[in-house]
Amino acid sequence: MRILVIGSGGREHTIGWALHNDPAVSKVFFGPGNGGTSLIGINLPNVNPMDFNSIVDAVESNEIGMVVCGPEDPLAAGIYDYLMKKGIASIGPSQKGAQLEGSKIFAKEFLFNMNIPTADYREFSDPQAAYDYINDINWEPVIKCDGLAAGKGVLLPESKDDARQVVKEILVDGKFKGAGRKIIIEKRISGFETTLLSFVDGETILPMLFSQDYKRAHENNEGLNTGGMGCLCPSPRIDNELREQIITEIVEPTSKGLKEYSIPYKGILYFGLMITDKGPQVLEFNVRMGDPETQVILPLLKTGLSVPLNAIKDGKLNKTKLEWHDGAAVGVVLASDGYPGSYKKGVQIDMLKRWDEPEENFIVFHAGTKREGEHLVTSGGRLVCMTALGENLRECRDMIYSRINEMNLEGLFYRSDIAAEYV
Ligand code: GLY
């Protein structure tokens, strides 16, 4: 089977890497791909993830049998429905299902209607009503844009003045354009965060392993929120009892909800969870794999990735059993200095070419990189995720940081504390 992976980040490199290592897959294509994906498949630079005709053209001219969409924007814009109408097998929720990520209000209503634990909230489009609500509440709020805002639409104000300013920027000044036409103001909950990715075929939700990502830019969870600076898997904080509680209180009612809402869903569902002292609660749904969660989860999947993907297509996840490698995986992201603010592009990073051929148990997944002639150069903020597999988190950390310490990383930065609290 020939598979096209849509996107150009580390998540897509990892999905493609897992498919490349799967004997049932003959060739992997990337649309458009990056400086790492060209080492394991064929980059199709003419594919624009938001131009569905360009995807159909690529499928037809390369005899592709299945399309796997990495990022959320094409899913929210209806890529699954479009490709299905053209008779092209595609992994992803329908546009209706993609609202679980594309509209925070839709997701909250779904959660409340299905009695799935989540924080209290109210929705607003009128700024004055939001200011009045902020005056009345006696808890710390989280303010979220209803729509997709490139990962920047969740704000954690530090005071009521700050919260009013956030509301003004979104609802009055239009900082996030259409994504901020409506907002929700949600009660901030505390505990520890974990992510559960799952395969979904519309009937069955098949969970993967629990992981934990590190969203802040700097050590000790300081600095701005990023797309993710590192990740570990499996989460040492999830024991069997907690796993079963999450399955019963969150995963099963979600599966029931997809049917009650008549949502066609043949893709990936990401449960962003907060484990509070009152039990697990849903912080957010995403309708795709996480980044960098994917970079530590899929390398631990022993089963060929085409197995669950075909089972999704054929509605056979209930008969699918996933096998996982023992041990652990850790991923540390190298980013351009300045990220998630402004940063330089075109910086030469040839030192990373040393891992163009992965070592056993050590893989460099590319994101914001491209090849210019002989050189590897930066083209984005998050550049690569260095993923190590080992018997435990300590072994993985040692492997990654010893390699990092051997390199000259001028112009780049990374967090040195990924998984540190567990070793
Ligand atoms: N790592 C968070 C996300 O993929 O949304």
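Up top is the structure these notes are about.
Please read these numbers as outputs of a predicted model, since none were measured by experiment.

### A word on the overall build of the chain
Scanning the chain from terminus to terminus reveals 12 helices and 22 strands. Taken over C-alpha atoms, the radius of gyration comes to 21 Å for the chain, in line with the 22 Å a tight globule of 423 residues would show. Of all 423 residues assigned to the chain, the portion counted as buried reaches 58%. Within the chain, contacts between residues at least 6 apart in sequence are counted, and of these 68% link residues at least 24 apart. By element, 45% of the accessible surface of the chain is carried by carbon and sulfur atoms, the whole surface being about 17900 Å².

### Quick notes on helix α2 (residues 52-62)
Every buried residue of α2 is listed here: Phe52, Ser54, Ile55, Val56, Ala58, Val59 and Asn62. Phi for Glu63, located one or two positions after α2, is positive at around 50 degrees.

### Examining the site of the ligand
In the vicinity of the ligand, the contacting residues are Asp213, Gly227, Tyr270, Asn286, Arg288, Gly290, Asp291, Pro292 and Glu293. For the ligand, a nitrogen atom lies 2.8 Å from a polar atom in the side chain of Asp213. Classifying every residue of the shell around the ligand gives 2 nonpolar, 3 polar and 4 charged.

### Re the packing of aromatic side chains
Applying the stated rule across the entire model yields 12 aromatic pairs. Summarising the aromatic geometry, the rings of Phe271 and Phe285 are spaced 5.7 Å apart at their centres and angled 65 degrees between planes, so their arrangement reads as edge-to-face. Residue Phe271 is located in strand β15 (residues 265-276), and its partner Phe285 is located in strand β16 (residues 279-286); the two are separated by 14 residues in the primary sequence. Assigned by exposure class, Phe271 and Phe285 land together as buried. These aromatic residues form a ring-pair network of at least three members: Phe106, Phe110, Tyr261, Phe271 and Phe285. Arg288 extends its terminal NZ or CZ atom over the ring of Tyr270, reaching a point 5.7 Å from the ring centre. Directly above the aromatic system of Phe362 lies the positively charged group of Arg403, at a separation of 4.9 Å from the ring centroid.

### Things to note about unusual backbone geometry
Cis geometry marks the peptide bond from Gly31 to Pro32, where omega comes out at 0 degrees. In this structure, Pro292 follows Asp291 across a cis peptide bond, with omega equal to 20 degrees. Examined against the element boundaries, Pro292 turns out to sit in the loop between β16 and α10 (293-297). Even without a glycine there, the phi angle at Glu63 is positive, about 50 degrees. With respect to the helices and strands, Glu63 occurs in the loop between α2 and β4 (66-69).

### Observations concerning the environment of Ala311
Tracing the chain through its elements places Ala311 in helix α11 (residues 306-314). When its relative accessible area of 7% is taken as the criterion, Ala311 is described as buried. On a C-alpha basis, the gap between Ala311 and Lys266 in space is 9.6 Å, while along the polypeptide they are 45 residues apart. Ala311 has contacts with Asp201, Lys316, Leu317 and Thr320, leaving out every residue within four places of it along the chain.

### Quick look at the pattern of salt bridges
Evaluated as defined, the whole model comprises 21 salt bridges. As a salt-bridge pair, Glu140 and Arg188 come within 3.8 Å of each other at their nearest N and O atoms. Taken as a pair, Glu140 in the loop between α7 (127-136) and β7 (141-145) and Arg188 in the loop between β9 (183-187) and β10 (192-200) lie far apart in primary sequence, 48 residues in all. The class for Glu140 is partly exposed, based on a relative accessible area of 47%. Residue Arg188 is classed as partly exposed on the basis of its relative accessible area of 27%. The salt bridge partner of Asp213 is Lys215, with a shortest N-O separation of 3.5 Å. Under the relative-accessibility criterion, Asp213 is labelled buried at 17%. On the basis of relative accessibility, which here comes to 26%, the residue Lys215 falls in the partly exposed class.

### What to know about the pairing of β4
Neither face of β4 is left uncovered, since the one carrying Met66 and Val68 and the one carrying Val67 and Cys69 both have all their residues buried. The sheet contact formed by strand β1 (residues 2-7) and β4 spans 4 bridges and is parallel. Each residue of the ladder has a partner; that of Ile3, found in β4, is Met66. The pairing of β4 with strand β5 (residues 90-93) spans 2 bridges and is parallel. Bridge pairing in β5 places Val68 opposite Ile91.

### Considering the packing of α7 against helix α8 (residues 160-172)
Look at α7 against α8: their axes get within 10 Å of each other, and the N-to-C directions meet at 165 degrees. Of the possible angle classes, the one that applies to α7 and α8 is roughly antiparallel. Crossing geometry of α7 relative to α8 is assigned as right-handed. Along its contact with α7, which presents Pro127, Ala130, Tyr131, Ile134, Asn135 and Asp136, the element α8 presents Lys160, Ala163, Arg164, Val167, Lys168, Leu171 and Val172.

Rules of the game
- Residues numbered from 1 in each chain as written.
- Predicted model: local features only at pLDDT ≥ 70, side-chain atom pairs only at ≥ 80, totals over all residues.
- Heavy atoms only, no water.
- Helix = DSSP H or I, 4+ residues; strand = E, 2+ residues; numbered from the N terminus.
- Rg over C-alpha atoms; globule rule 2.2 N^0.38 Å.
- Buried < 20%, exposed > 50% of the residue type's maximum accessible area, 1.4 Å probe, protein only.
- Contact = heavy atoms within 4.5 Å.
- Areas by Shrake-Rupley, 256 points an atom, 1.4 Å probe, with all protein chains shown as cover.
- Near = heavy atom within 4 Å.
- Polar contact = N/O pair within 3.5 Å; in protein donor to acceptor, adjacent residues only side chain to side chain.
- Nonpolar A, V, L, I, M, F, W, Y, C, P; charged D, E, K, R; others polar.
- Phe/Tyr/Trp six-rings, centres within 6.5 Å; stacked < 30°, edge-to-face > 60°.
- Lys NZ or Arg CZ within 6 Å of the ring centre and 35° of its normal.
- Salt bridge = Lys/Arg side-chain N within 4 Å of Asp/Glu carboxyl O.
- Pairing = 2+ DSSP bridges.
- Axes fitted to C-alpha atoms, helices over the stretch in contact; angles between N-to-C directions.
- Parallel < 35°, antiparallel > 145°, perpendicular 65-115°, else oblique.
- Left-handed = near helix turned anticlockwise from the far one by under 90°.

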